[in-house]
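Coordinate analysis (summary)
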Protein chains: 4
Amino acid sequence: MKKKPENFSPLREKLHEIIFEAETPEGKLFDIVLLVMIFLSIVIVMIETIPGISPDFKQILFVAEWVITLFFTIEYILRLYCVYSPVKYAKSLFGIIDLISILPSYLVFFFPGAHSLMIVRGLRLLRVFRIFKLDNFLHQGNMIMSALKASQPKISIFMFFILLVVCIFGSVMYLVEHNVNEGFDSIPRAIYWCIVTITTVGYGDISPVTSFGQFIASLIMITGYAVIAVPTGIVTSALIQQPQESLYANTITCPECNLEGHDKNAKHCRECGAKL
Amino acid sequence: MKKKPENFSPLREKLHEIIFEAETPEGKLFDIVLLVMIFLSIVIVMIETIPGISPDFKQILFVAEWVITLFFTIEYILRLYCVYSPVKYAKSLFGIIDLISILPSYLVFFFPGAHSLMIVRGLRLLRVFRIFKLDNFLHQGNMIMSALKASQPKISIFMFFILLVVCIFGSVMYLVEHNVNEGFDSIPRAIYWCIVTITTVGYGDISPVTSFGQFIASLIMITGYAVIAVPTGIVTSALIQQPQESLYANTITCPECNLEGHDKNAKHCRECGAKL
Amino acid sequence: MKKKPENFSPLREKLHEIIFEAETPEGKLFDIVLLVMIFLSIVIVMIETIPGISPDFKQILFVAEWVITLFFTIEYILRLYCVYSPVKYAKSLFGIIDLISILPSYLVFFFPGAHSLMIVRGLRLLRVFRIFKLDNFLHQGNMIMSALKASQPKISIFMFFILLVVCIFGSVMYLVEHNVNEGFDSIPRAIYWCIVTITTVGYGDISPVTSFGQFIASLIMITGYAVIAVPTGIVTSALIQQPQESLYANTITCPECNLEGHDKNAKHCRECGAKL
Amino acid sequence: MKKKPENFSPLREKLHEIIFEAETPEGKLFDIVLLVMIFLSIVIVMIETIPGISPDFKQILFVAEWVITLFFTIEYILRLYCVYSPVKYAKSLFGIIDLISILPSYLVFFFPGAHSLMIVRGLRLLRVFRIFKLDNFLHQGNMIMSALKASQPKISIFMFFILLVVCIFGSVMYLVEHNVNEGFDSIPRAIYWCIVTITTVGYGDISPVTSFGQFIASLIMITGYAVIAVPTGIVTSALIQQPQESLYANTITCPECNLEGHDKNAKHCRECGAKL
């Protein structure tokens, strides 16, 4: 918790309590309204793109969207106003997310497509963990992140080889198929097909038609089958080798017989019965 | 085993034995007839939907279905009648499954489509484990369930991120493709495509046609390739870290304080220090 | 090694050596000829089915096939003749494989299609492990088999639940889609689609067209994504928990200090230096 | 580091420093120029194949390609000239890669298609690890390789069985479908389909149309679902069982018999019993 600066008016204090804390009833209410707004704004962006909605309904969505955007803008300004250290907040992860979730609405005046980027508001939902005190979830997320970070060098080098493999296989397939199959009309497209295949996605928008092409495709698939094991193995071993929160042993040594590794809540030595 | 109530007629007693126990020959016969009926009723529901079956055959299926439904209804009433505690049974998992497996046939008078919901009768097949004393299978199932339960927080937070990722990637693909590709005609549809891709299902009913779209699709696939490792790693590590036959605890109870779960080679109680 | 019966002529002895052993030059030659024949017969069966091969070539293949079949038939009779215990051989795994690899050629007189079943001759290739003394490979295969056997109860119950899930999801999809999508024209077909989806194969020959159908399909895919982890986790934990061939410890106890767990080829106790 | 031969002119010395070392500014510059050239040449090969690029641009690419090829050729000759042991270099992995990355450009005079093989130049990018001293990445790569090597016998025998399974299932599907489905027009094609299915790629270019075919396809998919677990399990267990920083051995050498690899807390040599 950052220290409160001295010249801090009661209004800012009150606002800080409502916006940043979730202990008081007003704070809780504010947080819930916020979550509903975020969720609504995401749904609106999605619905707007569905073809065949009536112009009237579109008008309503348009208004609703701007109401929410204004709410978010005011909220962002108030956060900057009532936070103890505005610069720190603006540079924090949540500060940046808050900013980029209001920018797309204004960018739409310059780039018509920017509008759909409003979906990044979804990131604001991350706040839900803080609001509902889902610390356990955050802790679990950190464990996944640290396992991924630990396996990152292995994954990187593996990805590097996969990229080499798809480039080489893609070029070979281009040579084999491009005369008879318009799906393989360039090497980049053949590489795209190769990625589709080796990841076992397999759209089928492009697929080999010659016997030899199908033979090579089979090789690629079997390669993919074998190598899908590698990232899984890497992440699994990282997750398993993560230090567990030592459930079975505490660090107390028996004062009589010096035995270590007692049960977490043991009060007596399990060897000699001495008090720990 | 629940206690038998005092005012319990010999008929109810006999029925209870036949319907709920599988030790007597009559009980075994009843159970086997029941399983055959369940299996038949599922097959009938499936066959009925196949287009091009003759009206005569349909008529036979219709009659067979109602015979089975009546049998199930009578069975349900008898179960309620002869069970020691009807309320407990009606609220138990098997009681609810028994009820919802007869409801769809009657609901068909109100909602024509409800009929196909009869497939939930398949859940009654779970009874097979009880009847054939497949305790070992149930135990294995419990081990899987407990591993899944242990990995549930990690899986949940992972799914939350995956949802964010597919929403963002879906929106980007909508921006890139929706002008030239009618498959990406709305963000929800683009998100559907993104889920199809990241889970490596890859129907190909919707697939990118622009070069840039195919480039982003490649990114999504490689992401999917890397992240498929995460739930696997989570579940695998949960399964491996499941307590094997309790390595850390013996079955001795402290004679003084009745504490259980002592270390395997403990000689003194870890709570009160008494000799074990 | 089975005991040689007493009344065993030198001819049968010689044949036994050639056919069943691979130590002598004749035995080795016989085995290599056999492998080539098996391989050729498989290739012939495959090539025969390719449309557009000339009648002349087909004639050659036909003759070649019958030559091989006759060779296999004679070989089978000789094996029965020169083996120490014909009944034991005929009932053994290799004996059965040898028999069913010659049957299809003769069955073709009764069932025209049976011919293609000749592909089961591929199983004879298993002999390659015996011939080339690939014991290590067989040992590795046994390790995989025993891991699969150990995980079989868990896999079975998991598959049972998956079947229930695909039946229920399939029925729901049938209800949602069958009016507008001829791909979902019956529940069995909807279940087929559901299996295609949950295993992440995703042909795309059948795919949902309604928004609600695509929503449910997304749920199924995410389910499939999570559950693909389960069999992997089961098999991986079975493979990891397999007893390794104790590399680090032998079972000798030090005669002086009774220390156990010495290195495999230790000659002196690592604690007190006494001779083991 | 190989020893410098005695008759080594200062020019060769200087060139050696520039080309093979990355410590001096000139050496670093050379390496970076090299990487840019490699990357450029790959991009050029890919772009050239894109249909619809203007002849003028094609001309530029053609010239650029030959400039790079000449650069690589001169570089290769200089490497041979200034290396301490030309034969050793020419036979080393990097020597071979350097050679095969310039050959395709010249081969194009004889085989028009060879040109696209220039993509193998991508392998030269492996040099990036040496240049940027990414030793940690190389170490991680070695760990993956050694885990794959350790699991290679298991993977091989597993692949052998998978090949048998796809051959048999492919033949069965051919029998079931080839009269009504032109996708299954030969056994090799049916095997191709079977590989597409069992690896869960699922293009959908070929898919079963009969009910029985779809039933068998479901079996194959469920098989694939179960067996995808096996290579993953094998690789994961190999990665987990990789010797971590040697838990079982210390680095002390026996002063008497010079045996290494003693147990971590050994006090006496396990071979001769001498005090460590």
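Quantities reported herein were computed from a predicted structural model and do not represent experimental measurements.

1. Considerations on empty space enclosed by the protein
Counted by the stated rule, this structure contains 3 cavities of 30 Å³ or more. One number sums up the size of the largest cavity: a volume of about 120 Å³. Taken together, Thr200(A), Ile228(A), Thr232(A), Thr200(B), Ile228(B), Thr232(B), Thr200(C), Ile228(C), Thr232(C), Thr200(D), Ile228(D) and Thr232(D) make up the lining of the largest cavity.

2. Here we look at the packing of aromatic side chains
Scanning the entire structure with this criterion turns up 28 aromatic pairs over all chains. Between the aromatic rings of Phe71(A) and Phe72(A), the centroid separation amounts to 6.1 Å while the plane-to-plane angle is 55°, which identifies the pairing as tilted. When the centroid spacing of 6.4 Å and the interplanar angle of 25° are considered together, the rings of Tyr203(A) and Trp193(B) count as stacked. Placement of Tyr203(A) in the loop between helix 9 (187-198) and helix 10 (211-227) and of Trp193(B) in helix 9 (residues 187-198) is noted, with the two residues assigned to different chains. Among the aromatic side chains, those forming a connected cluster through ring pairs are Phe184(A), Trp193(A) and Tyr203(D).

3. Considering the relation of the copies chain A and chain C
Screw-axis analysis of chain A against chain C gives a translation of 0.0 Å along the axis, an RMSD of 0.1 Å, and a rotation angle of 180°. Each copy turns onto its partner about a two-fold axis. Both copies share a contact surface, since 100% of the interface residues of chain A are interface residues in chain C too.

4. Describing unusual backbone geometry
Excluding glycine, a negative phi dihedral is what most residues carry, and trans is how most peptide bonds are arranged. Phi angles above zero are rare outside glycine, and Thr200(C) is one such case at about 60°. Given the relative accessible area of 3%, Thr200(C) is considered buried.

5. Topic: the packing of helix 2 (residues 25-48) of chain B against helix 3 (residues 55-82) of chain B
Residue and element names in this part refer to chain B. The N-to-C vectors of helix 2 and helix 3 enclose an angle of 140°; their axes lie 10 Å apart at closest approach. The angle between helix 2 and helix 3 falls in the class oblique. Of the two possible hands of crossing, helix 2 and helix 3 adopt the one that is left-handed. Contacts between helix 2 and helix 3 involve Phe 30, Val 33, Leu 34, Met 37, Ile 38, Leu 40, Ser 41, Ile 44, Ile 47 and Glu 48 from the former and Phe 57, Lys 58, Leu 61, Phe 62, Ala 64, Glu 65, Ile 68, Phe 71, Phe 72, Glu 75 and Arg 79 from the latter. Across the contact of helix 2 with helix 3, the residue classes tally to 15 nonpolar, 1 polar and 5 charged.

6. A word on the state of the cysteines
Residues and elements named next belong to chain D. Counting across every chain of the model gives 0 disulfides over all chains. As a non-bridged cysteine, Cys 194 has Cys 167 as the owner of its nearest cysteine sulfur, 8.6 Å distant. For Cys 194, a relative accessible area of 0% gives the class buried.

7. Brief notes about the nonpolar core
Residues Trp193(A), Trp193(B), Trp193(C) and Trp193(D) are the most contacted members of the largest nonpolar core, which totals 233 residues. Once residues lying within four places of it in the same chain are set aside, the contact partners of Trp193(C) are Tyr203(B), Met173(C), Phe184(C), Ile206(C), Ser207(C), Pro208(C), Ala217(C) and Ile220(C).

8. Topic: the pattern of salt bridges
A side chain of one charge can pair with a side chain of the opposite charge if their charged atoms are brought near each other. Evaluated as defined, the whole model comprises 16 salt bridges over all chains. Two residues, Arg79(A) and Asp98(A), come together in a salt bridge whose shortest N-O distance is 3.8 Å. You can see Arg79(A) sitting in helix 3 (residues 55-82) and its partner Asp98(A) sitting in helix 5 (residues 93-100), a full 19 residues away along the chain. Here the two residues Arg79(A) and Asp98(A) agree in accessibility, since each one is buried. Notably, a salt bridge pairs Lys14(C) with Glu26(C), separated by 3.6 Å at the nearest N-O pair. Here Lys14(C) is found in helix 1 (residues 10-20), whereas its partner Glu26(C) is found in helix 2 (residues 25-48), with 12 residues between them in sequence. Given the relative accessible area of 36%, Lys14(C) is considered partly exposed. Classification of Glu26(C) by relative accessible area gives partly exposed; the value is 37%. What emerges from the salt-bridge pattern is a single network uniting Lys14(A), Glu17(A) and Glu26(A).

9. Some remarks on the interface of chain A and chain C
Note on interface size: it is often stated as the accessible area lost on association of the parts. Taken together, the contacts link 4 residues of chain A with 4 residues of chain C. Each partner contributes to the roughly 200 Å² buried at the junction of chain A and chain C, and carbon and sulfur atoms together form 39% of this total. On the surface where chain A and chain C come into contact, there are 0 salt bridges. Counting across the chain A and chain C interface gives 0 residue pairs in polar contact (both at pLDDT 80 or more). In terms of residue class, the side of chain A that touches chain C is made up of 2 nonpolar, 2 polar and no charged.

10. A closer look at helix 10 (residues 211-227) of chain C
An α-helical turn contains 3.6 residues, so a residue and the one three or four places further along point in the same direction. Between its terminal C-alpha atoms helix 10 of chain C stretches 24 Å, which fits the 24 Å expected from 17 residues at 1.5 Å a residue. Considered for burial, the residues of helix 10 of chain C that qualify are Gly213(C), Gln214(C), Ile216(C), Ala217(C), Ser218(C), Ile220(C), Met221(C), Gly224(C), Tyr225(C) and Val227(C).

11. Describing a nonpolar patch on the surface
Residues and elements named next belong to chain A. On the surface, Ile 96, Leu 99, Ile 100, Leu 103, Leu 107, Phe 109, Phe 110 and Phe 111 cluster together into a nonpolar patch covering about 770 Å² of accessible area. Looking at the nonpolar patch, the elements with two or more residues in it are helix 5 and helix 6 (103-107). Along the chain, Leu 103 turns up in helix 6. Overall, Leu 103 belongs to the partly exposed group, its relative accessible area being 38%.

12. Here we look at the packing of helix 9 (residues 187-198) of chain D against helix 10 (residues 211-227) of chain D
In a pair of packed helices, the angle between the axes and the distance between the axes together describe the arrangement. Residue and element names in this part refer to chain D. As a packed pair, helix 9 and helix 10 sit with axes 8 Å apart at the nearest point and diverge in direction by 50°. Here helix 10 runs oblique to helix 9, going by the angle between their axes. Every residue of helix 10 that contacts helix 9 at Trp 193, Cys 194, Thr 197 and Ile 198 is listed here: Ala 217, Ile 220, Met 221 and Gly 224. Looking at side-chain class alone, the contact of helix 9 with helix 10 contains 6 nonpolar, 2 polar and no charged residues.

13. Section: the domain arrangement of chain A
Per the domain assignment, the segments of chain A are domain 1 (10-132) and domain 2 (142-240). Spacing between the C-alpha centres of domain 1 of chain A and domain 2 of chain A amounts to 39 Å.

14. A word on the side chain of Ser237(C)
In this fold, Ser237(C) is placed in helix 11 (residues 229-240). If sequence neighbours within four positions are ignored, Ser237(C) has contacts with Leu239(B) and Ile240(B).

15. Some points on the confidence of the model for chain A
Residue and element names in this part refer to chain A. On average, residues of chain A score 79 in pLDDT, and 79% of them are at 70 or above. When pLDDT is averaged over each helix and strand of chain A, the minimum, 65, is found for helix 7 (residues 127-131) and the maximum, 91, for helix 9. Contacts of residues 245-250 to residues separated by more than four positions or lying in other chains number 14 contacts, the stretch itself having pLDDT below 50. Quick note on the complex model: pTM equals 0.78, ipTM equals 0.74.

Conventions used here
- Residues numbered from 1 in each chain as written.
- Chains lettered and ligands numbered in written order.
- Predicted model: local features only at pLDDT ≥ 70, side-chain atom pairs only at ≥ 80, totals over all residues.
- Heavy atoms only, no water.
- 1 Å grid on protein atoms, 1.4 Å probe; cavity = no way out; pocket = protein on both sides within 12 Å on 5 of 7 lines; lining within 4 Å.
- Points joined across faces, edges and corners; volume = space filled by probe spheres on them.
- Phe/Tyr/Trp six-rings, centres within 6.5 Å; stacked < 30°, edge-to-face > 60°.
- Helix = DSSP H or I, 4+ residues; strand = E, 2+ residues; numbered from the N terminus.
- Least-squares fit on C-alpha atoms with pLDDT ≥ 70 in both.
- Contact = heavy atoms within 4.5 Å.
- Buried < 20%, exposed > 50% of the residue type's maximum accessible area, 1.4 Å probe, protein only.
- Axes fitted to C-alpha atoms, helices over the stretch in contact; angles between N-to-C directions.
- Parallel < 35°, antiparallel > 145°, perpendicular 65-115°, else oblique.
- Left-handed = near helix turned anticlockwise from the far one by under 90°.
- Nonpolar A, V, L, I, M, F, W, Y, C, P; charged D, E, K, R; others polar.
- Disulfide = S-S within 2.5 Å.
- Core = buried A, V, L, I, M, F, W, Y, C linked by side-chain atoms within 4.5 Å.
- Salt bridge = Lys/Arg side-chain N within 4 Å of Asp/Glu carboxyl O.
- Buried area = accessible area lost by both parts, 1.4 Å probe.
- Polar contact = N/O pair within 3.5 Å; in protein donor to acceptor, adjacent residues only side chain to side chain.
- Expected span 1.5 Å × (residues − 1).
- Patch = residues over 30% accessible without salt bridge, like charges linked within 9 Å, V, L, I, M, F, W, Y side chains within 5 Å.
- Areas by Shrake-Rupley, 256 points an atom, 1.4 Å probe, with all protein chains shown as cover.
- Domains from an automatic or database assignment.
- pLDDT = per-residue confidence, 0-100.

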